[in-house]
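# Structural characterization, general
Spelled out from the first residue to the last, the chains are:
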Amino acid sequence: MSTKQAAHYPKPIYMDHAATTPCDPRVVEAMLPYFTEHFGNPGSRNHKMGWDAEAGVDLAREQVAKLIGADEKEVIFTSGATEGNNLAIKGAAYLYEKAPAGSGQPRGHIITGTIEHKAVLDPCKRLQKEGFDVSFLQAPPDGVYTAAMVLAAIRPDTILVSIMWANNEIGTINEIREIGKVCKERGIIFHVDGTQWVGKMPTDVNKDNIDLLTFSGHKMYGPKGVGAMYVRRRGPRVRLQALQDGGGQERGFRSGTLNVTGIVGLGKACEIAMQEMEHDAMRLAKLRKKLEDGLTSRLDSSAVNGHKDKRLPHIANISFGFVEGEGLMMAIKEIACSSGSACTSASLEPSYVLKGLGVGDELAHSSLRLSLGRWTTEAEVDFAIEKIVQGVSKLREMSPLYDMYKEGIDISKIEWAHH
Ligand SMILES: *Cc1c(COP(=O)(O)O)cnc(C)c1O
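Small disclaimer: the values here were computed from a predicted structure and weren't measured. (Residues numbered from 1 in each chain as written. Predicted model: local features only at pLDDT ≥ 70, side-chain atom pairs only at ≥ 80, totals over all residues. Heavy atoms only, no water.)

This next bit is on the sheet that holds strand 10 (residues 315-320). Strands sit in the order 9-10-15-12 across an open sheet of 4 strands; the sheet is antiparallel. This sheet does not close on itself; its edge strands, each paired only once, are strand 9 (302-304) and strand 12 (338-339). In terms of strand pairing, strand 9 meets strand 10 through 3 bridges, oriented antiparallel. Among the inter-strand pairings, Val304 is bridged to a residue of strand 10, identified as Ile318. Contacting strand 9, strand 10 and strand 15 (367-371), helix 9 (residues 260-298) runs over the sheet at an angle of about 10 degrees to strand 10. (Pairing = 2+ DSSP bridges. Helix = DSSP H or I, 4+ residues; strand = E, 2+ residues; numbered from the N terminus. Contact = heavy atoms within 4.5 Å. Axes fitted to C-alpha atoms, helices over the stretch in contact; angles between N-to-C directions.)

Here we come to the domain arrangement of the chain. Assigned domains of the chain: these are domain 1 (24-273) and domain 2 (277-413). Counting from both sides, the interface comprises 35 residues of domain 1 and, opposite them, 22 residues of domain 2. Between domain 1 and domain 2 the total buried area reaches about 2,300 Å² when both faces are included, carbon and sulfur atoms providing 60% of it. A per-residue breakdown of the area domain 1 buries against domain 2 is headed by Glu169, Ile170 and Tyr221, which together make up 30% of the total. There are 1 salt bridge connecting domain 1 and domain 2. In this structure, the salt-bridge partner of Asp24 is Arg374, at a minimum N-O distance of 2.9 Å. Linking domain 1 with domain 2 are 11 residue pairs in polar contact (both at pLDDT 80 or more). Of the residues assigned to the side of domain 1 that touches domain 2, the class counts are 17 nonpolar, 10 polar and 8 charged. (Domains from an automatic or database assignment. Buried area = accessible area lost by both parts, 1.4 Å probe. Salt bridge = Lys/Arg side-chain N within 4 Å of Asp/Glu carboxyl O. Polar contact = N/O pair within 3.5 Å; in protein donor to acceptor, adjacent residues only side chain to side chain. Nonpolar A, V, L, I, M, F, W, Y, C, P; charged D, E, K, R; others polar.)

Two side chains with opposite charge may pair up if their charged atoms get near one another. Taken as a whole, this structure holds 30 salt bridges when the rule is applied. Here Lys48 makes a salt bridge to Asp52, at a shortest N to O gap of 3.1 Å. In this pair, Lys48 and Asp52 are both assigned in helix 4 (residues 48-68), 4 residues apart and thus about one turn of the helix distant. Judged by its relative accessible area of 51%, Lys48 is exposed. Across the pair Arg155 and Asp133 runs a salt bridge whose closest N-O atoms are separated by 2.9 Å. Taken together, the residues span a long stretch of sequence, with Arg155 in the loop between helix 7 (147-153) and strand 5 (158-162) and Asp133 in strand 4 (residues 133-137) at a distance of 22 residues. Given a relative accessible area of 39%, Asp133 falls into the partly exposed group. The network of salt bridges with common partners includes Asp24, Arg26, Glu276, Asp280 and Arg374. (Buried < 20%, exposed > 50% of the residue type's maximum accessible area, 1.4 Å probe, protein only.)

This part takes up the packing of aromatic side chains. If you walk through the whole model with that rule in mind, you get 6 aromatic pairs. Consider the rings of Tyr221 and Trp375, whose centres lie 5.4 Å apart with planes at 90 degrees: the pair is edge-to-face. With Tyr221 in the loop between strand 7 (212-216) and strand 8 (227-231) and Trp375 in the loop between strand 15 and helix 13 (378-397), the pair connects residues that are 154 residues apart, well separated along the chain. Note on Trp375: relative accessible area 41%, which makes it partly exposed. One aromatic cluster is present, built from ring pairs that chain together Phe322, Tyr402 and Tyr405. (Phe/Tyr/Trp six-rings, centres within 6.5 Å; stacked < 30°, edge-to-face > 60°.)

Below is the structure:
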């Protein structure tokens, strides 16, 4: 939508927290002094402005480390999860490769999944073009990757496994600790895209057997354009090839002047998450259950996508049969959420994540991802249920297919004129 249209558009209720979250006002407050007062470059070692900025970064590093059970020295600041994933995956692949590029020998094997975020899939595809072997593990219908699936794909030349903690479209939670154990026992580096998990759910990089963990400020009530990455220093000490050359900041892993305001904000967001995530998670799990039960009990031919229980508390992904995707989005304009369609250059493509679970194209298009957040109220959930029930019912009233379905005609057996 253009900004001109947006100006005349009533403000919808926000149920798209998996796309981004608003900044917590306490985060903004913590950041403000670092724009004007403590504006120094933390790399400036000779004056107070530099030291003050450095102190802000140091505190943030502690706050981040504490949230994930790491040592401060193991935290690298990045611009977000996309950069972190690129650095983790390519950086590890280049450093641990079995044979150099151009040698004609296989460079090494990497394991990931088909329903990972593009910021994992695309670096893996690039490595594939560059001579690495990549196994993209097919998702099971419930969307949950198990240790057994990863174990079955491991080869003697496997150097890296990259599996996300929780899926951003359907909220399913993978068997991270168990996958990590399988990797650890075999000396394989384990990277986890934790963007949807960290700050929402308890994290301990040691207990969870993780070597590289990436996440992002703006998915956890922090600012955009900042993220962090955990790089294990002990048992084993993980090394990475830097992707960016320059001033050697962040122990050489990530050159470039630090985004001090963003980093301070991310640190504060982590501190708040430490205190509030348990409460938030319990509250949101109840609201999500209310939302899912409300919709699926009142609308037949609707189904929740992904594993019933192994799911984040705040993400619901529901398919509605017998409605058309674009019509559905038009009918629920009062709710800001995501659909099961992705805008590509020319057309609307069904979500590759839903397709990966075996959801048909039509049903993928007519799916909604509703993701709740820290300030979502019960009244908003009630409102969303009403609006979606109304919208879907209205669209179905106009659907001859739905009529036939109601009359008991087996639609799968009908021969369509346009075939
Ligand atoms: C949002 C998201 C990303 C990308 O994060 P940015 O910080 O916006 O680059 C990567 N992975 C997952 C799972 C995400 O949800």
